Amino acid sequence: MTSRQLGARLQKPLTSAHALVVPVGMRRKHLLPHARWGEISVDDISLSWTKHDVHTLAAMRRLRADGFGERMLAASAPQFAMMRRLPAARWTGLLGDWAELDRWRAAPPWWELGLRASSSNRKEP
């Protein structure tokens, strides 16, 4: 599954009729035996994917569309130089989107999954 396909699949909550296996790091090679219905298996953990996660991924996509890269998104606040490039009318939404990512910044599995699912420029395996 490409990053684009993953992003399309994660535009809605994951139901008990589906299981996804997404290796996001190099820590684990054998994920399929640990797959669970209604969850996403990434490295050493299975994640639920709720409406809130869908909302957070949409925020990450908007920020990436605004020009923020992976390293920039990892910061606790957006760079003012990047914000200045955007219309002032976007700033309030941008800061709301930035705050939405806080819970994922503290949770590496969701962070890595979000980065992968929000990227259309990543080189595919």
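Above this text sits the structure in question.
Residues numbered from 1 in each chain as written. Predicted model: local features only at pLDDT ≥ 70, side-chain atom pairs only at ≥ 80, totals over all residues. Heavy atoms only, no water.

*Asks:* What is the right way to read helix α7 (residues 108-118) from this model?
*Replies:* Note on helix geometry: an α-helix contains 3.6 residues per turn, so any two residues three or four positions apart are oriented the same way. Regarding α7, the residues found buried are Trp111, Leu113, Gly114, Leu115, Arg116, Ala117 and Ser118. Residues of α7 that are buried in the fold lie against α1 (3-9), β2 (40-42), β3 (45-47), α2 (51-65), α3 (70-73) and α6 (102-105). (Buried < 20%, exposed > 50% of the residue type's maximum accessible area, 1.4 Å probe, protein only. Helix = DSSP H or I, 4+ residues; strand = E, 2+ residues; numbered from the N terminus. Contact = heavy atoms within 4.5 Å.)

*Asks:* Please clarify how the pattern of salt bridges should be interpreted in this entry.
*Replies:* Side chains that carry opposite charge are capable of pairing whenever their charged atoms lie near each other. Taken as a whole and assessed by the stated rule, the structure comprises six salt bridges. Two residues, Asp97 and Arg62, come together in a salt bridge whose shortest N-O distance is 2.8 Å. Of this pair, Asp97 sits in helix α5 (residues 88-100) while Arg62 sits in helix α2; the two residues are 35 residues apart in sequence, bridging distant segments of the chain. Owing to a relative accessible area of 7%, Asp97 belongs among the buried residues under this scheme. Overall, the relative accessible area of 35% leaves Arg62 in the partly exposed class. Arg105 is paired through a salt bridge with Asp102; the nearest N and O atoms lie 2.6 Å apart. Here Asp102 and Arg105 lie together in helix α6, a separation of three residues that amounts to about one turn. With a relative accessible area of 40%, Asp102 lands in the partly exposed category. Through salt bridges that share partners, Arg62, Asp66, Arg90 and Asp97 make up one connected network. (Salt bridge = Lys/Arg side-chain N within 4 Å of Asp/Glu carboxyl O.)

*Asks:* Just to check I follow, could you spell out the sheet that holds β2 for this structure?
*Replies:* Each strand in a sheet pairs with its neighbour through backbone hydrogen bonds, running either in the same direction (parallel) or in the opposite one (antiparallel). With mixed pairing, three strands are arranged side by side in an open sheet as β1-β2-β3. Edge positions in the sheet fall to β1 (20-21) and β3, since each of these pairs with one other strand and no more. Where α7 meets the sheet, it contacts β2 and β3, and its direction lies at approximately 65° from that of β3. (Pairing = 2+ DSSP bridges. Axes fitted to C-alpha atoms, helices over the stretch in contact; angles between N-to-C directions.)

*Asks:* Hey, could you run me through the packing of α2 against α7 in this one?
*Replies:* Each pair of packed helices gets described by two things: the angle between the helix axes and the distance between those axes. α7 packs onto α2 with a crossing angle of 55° between their chain directions and a minimal axis gap of 10 Å. Between α2 and α7, the crossing angle belongs to the class labelled oblique. Our pair here, α2 against α7, has a crossing hand that is right-handed. Contacts between α2 and α7 involve Asp53, Leu57, Met60, Arg61 and Arg64 from the former and Trp110, Trp111, Gly114, Leu115, Ala117 and Ser118 from the latter. (Parallel < 35°, antiparallel > 145°, perpendicular 65-115°, else oblique. Left-handed = near helix turned anticlockwise from the far one by under 90°.)

*Asks:* What exactly am I supposed to notice about the packing of aromatic side chains here?
*Replies:* Remark: the centre distance and the inter-plane angle together describe each pair of aromatic rings, the angle taken between the planes. Going through the model one piece at a time under the given rule, you end up with three aromatic pairs. Ring geometry for Trp49 versus Trp104: centroids 5.8 Å apart, planes at 40°, classification tilted. Here Trp49, found in the loop between β3 and α2, pairs with Trp104, found in helix α6; they are 55 residues apart in sequence, far enough to count as distant. On the basis of relative accessibility, which here comes to 2%, the residue Trp49 falls in the buried class. (Phe/Tyr/Trp six-rings, centres within 6.5 Å; stacked < 30°, edge-to-face > 60°.)

*Asks:* Honestly, the environment of Trp104 in this entry has me stumped. Any pointers?
*Replies:* Owing to a relative accessible area of 1%, Trp104 belongs among the buried residues under this scheme. Spatially, the C-alpha atom of Trp104 lies 21 Å from that of Ala35, the residues being 69 residues apart in sequence. Setting aside residues no more than four positions away along its own chain, Trp104 makes contact with Trp49, Asp53, Thr56, Leu57, Met60, Trp110, Trp111 and Gly114.

Purely geometric numbers; function is a separate question.
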